[in-house]
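Here are the chains, one letter per residue:
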Amino acid sequence: MTDIDREQLAALSKAIDRLTKPKKELEKDLPEVKELENANPETRGEILLQVGDWGRRTQSAWMRRLSEGVETNQTGLNAKIEQMRKELGGPAPSPLEQMLVERIICCWLQVNEADRSFRTREGGGTLAQGEYWQRRLDRAHRRFLQSIKALAQIRKLLGPNVQVNVAEKQINIMDVGATRKEGSESTSHPDDVEKKVREQIRAINPENE
Amino acid sequence: MAAIDEADRSRRESERVRWQEELEKLGKIDLDFEEWDTICVLLMKDALEIAGFHQHHRGEWRRCREEKGEETS
């Protein structure tokens, strides 16, 4: 395992630890996590991308089951998934959005697999087996809807992702729209956006100043 | 009659074995997926909390109120 892997896993386990703690302890930890976030935003993005890749491995397991080993089925599924990835991700998705898009695709595959399993067994098997397939389909469907809601929520609360390229480095600025308060119009002025972009550039490339 | 019973028993046994195998195979994929899904949800919540939101009674996400010190300064 490389050093960067260790660093990413440590950050990931810290995030998970923090979220499983009671609320009081969570509030106490918040400044530390903010510090981590400000100090190393690239590592954080890397973690999200790595988790997204993990999702792709799960997708291939569902795809093998759905295509039943037939190559043409597999090709068709791949094309469909690629199309979904483009449509849901948009032109410049942030690592968080990419991870949530992979989650939606995974859930979509699971719903289709559960639906196919349910339909092919219809009329056959015991009553208990029929109930099992029905429950499995319901669960997959519920999770699929939750995954779509999660992406919509992230886009609503954190605002659209803005991508800027500086010296061949891609910078994703996610919190541009996060200054908006509930029930009010967006307070993100173009000058605020520019200020945030400049701050991020300064953090990555201080020589430019 | 005994032969019919025996054939029936053996058919049910093979069906049971097939069902168990299918459950094991599916269970493994489901488990992998659920583990990954949980991490996705945790990371999403983490990102929202770092951006200054909190979840209201496991429901909608709201922006946290600013601290008094920040407001007066």
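Bear in mind the structure is a predicted one, so any value in this text is a computation, not a measurement. (Residues numbered from 1 in each chain as written. Chains lettered and ligands numbered in written order. Predicted model: local features only at pLDDT ≥ 70, side-chain atom pairs only at ≥ 80, totals over all residues.)

**What to know about the overall build of chain B**
From N to C terminus, chain B includes two helices and two strands. Burial statistics for chain B: of 73 residues in total, 15% are counted as buried. (Helix = DSSP H or I, 4+ residues; strand = E, 2+ residues; numbered from the N terminus. Buried ≥ 20, exposed ≤ 12 C-beta atoms within 10 Å, placed from the backbone.)

**Digging into the overall build of chain A**
Regarding its fold elements, chain A presents seven helices and two strands. Reading the helices (α) and strands (β) of chain A from amino to carboxyl end gives α-α-α-α-α-α-β-β-α. Per-residue burial over chain A gives 20% buried out of 209 residues. Long-range pairs, those at least 24 residues apart, make up 57% of the contacts in chain A between residues at least 6 apart in sequence. (Contact = placed C-beta atoms within 7 Å.)

**Topic: the confidence of the model for chain B**
Residue and element names in this part refer to chain B. Averaged over every residue, the pLDDT of chain B is 80; residues scoring 70 or more account for 89%. Looking across chain B, the model is least confident in helix 2 (residues 68-72), with a mean pLDDT of 49, and most confident in helix 1 (residues 2-50), with 85. In the predicted assembly, ipTM is 0.77 and pTM is 0.65. (pLDDT = per-residue confidence, 0-100.)

**Section: the nonpolar core**
Considering soluble globular proteins, one finds that nonpolar side chains tend to be buried as a cluster. Ranked by internal contacts, the top residues of the largest apolar core, which has 30 residues, are Leu 100 of chain A together with Met 44 of chain B. Listing elements by their share of this core, those giving two or more residues are helix 3 (41-67), helix 5 (95-120) and helix 6 (127-158) of chain A together with helix 1 of chain B. Sorting elements by how many residues they give to this core places helix 5 of chain A first, with 11 residues. Dropping the residues within four chain positions of it, Met 44 of chain B is found in contact with Leu 96, Leu 100, Ala 150 and Ile 154 of chain A. (Core = buried A, V, L, I, M, F, W, Y, C linked by C-beta atoms within 7 Å.)

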